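# Overview (structure and organization)
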Amino acid sequence: DTEVTQTPKHLVMGMTNKKSLKCEQHMGHRAMYWYKQKAKKPPELMFVYSYEKLSINESVPSRFSPECPNSSLLNLHLHALQPEDSALYLCASSQVGRHNYGYTFGSGTRLTVV
Amino acid sequence: LAKTTQPISMDSYEGQEVNITCSHNNIATNDYITWYQQFPSQGPRFIIQGYKTKVTNEVASLFIPADRKSSTLSLPRVSLSDTAVYYCLVGYPYNNNDMRFGAGTRLTVKP
């Protein structure tokens, strides 16, 4: 298995809703990432997990709450989002402590906040 | 972290060779250069990675001069399906904190 699987592919949520994005990989990668991408902009790094521990938080608002329950799974919990949070949310994974020949990205979740 | 500069956009025609240059003047000794391709509403996809001189795989070549302050991604005989955004990233491949994207180059291939 050489894929990163993200669910759902599309999500529409109200500003008072609570929802979660899910990311899964079975490549044995021990680093996982969340990126946010607005239209016609490059992906912006949000969080990095290494060995299931949060290693980087790029000053992301607390309405985004990441979770890494095990080495294969990464979640992003969403609460009280704003319309400007609408974007494509990408998950990626990579090896740790070894030469990375590129990160593996999922196809993303298209989030619309109404 | 080494910052990269690429042309914002490029146009080409089917069958032509396309060269996209990336400038990374403050690249560190241990940094590698990695290129990604991204189609709309998809995640970036790894294309090629190199440290110096020339690297070639089944889809592209990467040329890196001796001073390593720039690199050129070469796509031979492009097709319409190569229309995408191409990102150049510079970082130490053993470091999991270096994956920050620059603006990228939007390549449009015309028939």
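Let me sum up the structure you'll find in this document. Each chain carries its own residue numbering, running from 1 in the written order of its sequence. As they are written, the chains are lettered A onward and the ligands numbered 1 onward, keeping that order. Local features in this predicted model are restricted to residues of pLDDT 70 or higher, and side-chain atom pairs are both shown and tallied only at a pLDDT of 80 or more, whereas totals for entire chains, interfaces and linings draw on every residue. The side-chain numbers reported here are obtained from all heavy atoms of the structure, hydrogens and water having been left aside.

### Here's the deal with the overall build of chain A
Each helix and strand in chain A was counted, giving zero helices and eleven strands. Going along the chain from the N terminus, every DSSP run of H or I of four or more residues is numbered as a helix, and every run of E of two or more is numbered as a strand. Order of helices (α) and strands (β) in chain A, N terminus to C terminus: β-β-β-β-β-β-β-β-β-β-β. C-alpha atoms define the radius of gyration, and 2.2 Å times the number of residues to the power 0.38 defines the globule rule. Against the globule reference of 13 Å for 114 residues, chain A gives a C-alpha radius of gyration of 13 Å, in line with a compact fold. Its C-alpha atoms put chain A at 40 × 25 × 20 Å along the principal axes.

### Brief notes about the pairing of strand E8 (residues 73-79) of chain A
Residue and element names in this part refer to chain A. Relative accessibility decides the category of a residue: with a 1.4 Å probe and only protein chains considered, values under 20% of the type maximum give buried, values over 50% give exposed, and everything between is partly exposed. Burial analysis of E8 places five of its seven residues in the buried class, the great majority of the element. Here a strand pair is declared whenever DSSP counts at least two bridges between the two strands. Here strand E3 (residues 18-25) runs beside E8; their pairing, made up of seven bridges, is antiparallel. Directly across from Leu21, in E8, lies its bridge partner Leu76. In this sheet, E8 lies alongside strand E7 (residues 64-70) in antiparallel orientation, the contact comprising five bridges. Directly across from Glu67, in E8, lies its bridge partner Asn75. With antiparallel pairing between neighbouring strands as the criterion, E7 and E8 make up a hairpin whose turn holds two residues.

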